Amino acid sequence: MIFVVYSFSLLGVSGMLTLYSPAKINLFLQILSRQDDGYHRLATLMQTIKLADTLHVALADQDELTCTDPSIPTDGSNLVLKAARLFREISGLSVGIRVHLEKKIPHQAGLGGGSSNAATTLWALNQLTGQTLSTFQLMQASGKIGSDIPFFFSKGTAFCTGRGEIVQALPPFQNESVTIVKPTEGLETARIYGQLDLNDTCKENSERLLHSFMYPNQIPLLVNDLEKPAFGCLPQLEDLKRQLQRSGFKSVLMSGSGSAFFCLGQSEKELPTDLFSCQTSFVNRSAENWYTL
Ligand code: C5P
């Protein structure tokens, strides 16, 4: 009887699960080499932030996705539906899914919105079908459909290597005020990797970069090797970075393959109104629950 009451309070009477799907930022991102399969070996420190989409998820006879943002494809190419197919494959369960996605995270921004939606879908499906899979199994399988997805199964702070899918969970950092700024133009990840010159990357030891964030007496070393190719594709990004640095923020860095920047600390000036901007902060989840804001 106690179980029935608990499951109703989690799912609501309609069997619908509503979950936040947070964005991520790359506190540093170092590209180390190109693999034979075309992917790149990297080292990155990732952190989830409170800027989040919301997913309303229910079991259904057939997969169906709707989204508040008409520019987001809702067909089988969307990572939400790829995650549903992956879940059926790894669980052996023949369940369909109905998802309504409230989009807040800008896309083509380097903020991992699609990857986060996929991780959230896998978590939701596992909850709705009696948690037959462990978080570790979900994390491992999710790397098949996207390099950034496994990270979201950490508790929100992790050092990631390989293609990004090898996740070393870290304890949460002290919370920081984060401002996300993105110009209207987005950037496609594959294009930015394609423009990368591996001779023009940071050669600092990755462990040293990591330690600069982990120990309080160190100055964080903010590196993103994808900034240069992104600035090559969209030259106004370099001007925007300078403008943000002059605004008084403590640090400014592009996230992932761009085109969004994250700014730590506070600005002394108003930001231009023609940009997407939002003030947010770090968020971490507990071991048992998905992210809450
Ligand atoms: O894994 P995901 O589908 O997110 O990657 C999108 C694209 O980004 C890949 O097709 C590849 O061009 C590039 N990529 C890469 N190396 C990585 C991750 C992504 O070259 N480690």
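This is a predicted model, so every value here is computed, not measured. (Residues numbered from 1 in each chain as written. Predicted model: local features only at pLDDT ≥ 70, side-chain atom pairs only at ≥ 80, totals over all residues. Heavy atoms only, no water.)

A. Just the overall build of the chain, in detail. Along the chain, the regular secondary structure elements total eight helices and 10 strands. On C-alpha atoms alone, the chain measures out to a radius of gyration of 19 Å, which is about the 19 Å that the 2.2 N^0.38 rule sets for 293 residues. The dimensions of the chain, computed from C-alpha atoms along their principal axes, are 60 × 45 × 40 Å. Within the chain, contacts between residues separated by at least 24 positions form 73% of all contacts whose residues are at least 6 apart in sequence. Roughly 13,900 Å² of accessible area belongs to the chain as shown, and the carbon and sulfur atoms make up 51% of that amount. Averaged over its 24 positive side-chain charges, the chain has a centre that lies 3 Å from the centre of its 27 negative ones. (Helix = DSSP H or I, 4+ residues; strand = E, 2+ residues; numbered from the N terminus. Rg over C-alpha atoms; globule rule 2.2 N^0.38 Å. Contact = heavy atoms within 4.5 Å. Areas by Shrake-Rupley, 256 points an atom, 1.4 Å probe, with all protein chains shown as cover. Lys, Arg positive; Asp, Glu negative; His and termini not counted. Charge placed at Lys NZ, Arg CZ, Asp CG, Glu CD.)

B. A look at the site of the ligand. With respect to spatial proximity, the complete set of residues near the ligand consists of Gly38, Tyr39, His40, Leu42, Gly146, Ser147, Arg163, Thr189, Ala190 and Tyr193. The side chain of histidine 40 places a nitrogen or oxygen atom 2.7 Å from an oxygen atom of the ligand. One of the backbone N or O atoms of arginine 163 is found 2.9 Å from a nitrogen atom in the ligand. When the ligand is considered free in solution it has 450 Å² of accessible area, and contact with the protein chains removes 73% of it. If you list the elements that add at least two residues to the shell around the ligand, you get strand 2 (40-60) and helix 5 (189-194). The residue inventory of the shell around the ligand, partitioned by class, reads four nonpolar, five polar and one charged. Both domains that furnish three or more residues to the shell around the ligand are identified here as domain 1 (15-167) and domain 2 (175-279). (Near = heavy atom within 4 Å. Polar contact = N/O pair within 3.5 Å; in protein donor to acceptor, adjacent residues only side chain to side chain. Nonpolar A, V, L, I, M, F, W, Y, C, P; charged D, E, K, R; others polar. Domains from an automatic or database assignment.)

C. Inspection of the sheet that holds strand 9 (residues 261-264) at higher detail. Pairing in this open sheet of four strands is antiparallel, and the strands run 8-9-7-10 from one edge to the other. Each having just a single partner strand, strand 8 (251-254) and strand 10 (276-281) make up the two edges of the open sheet. The mean angle between the axes of side-by-side strands here comes to 20°, regardless of whether they run parallel or antiparallel. (Pairing = 2+ DSSP bridges. Axes fitted to C-alpha atoms, helices over the stretch in contact; angles between N-to-C directions.)

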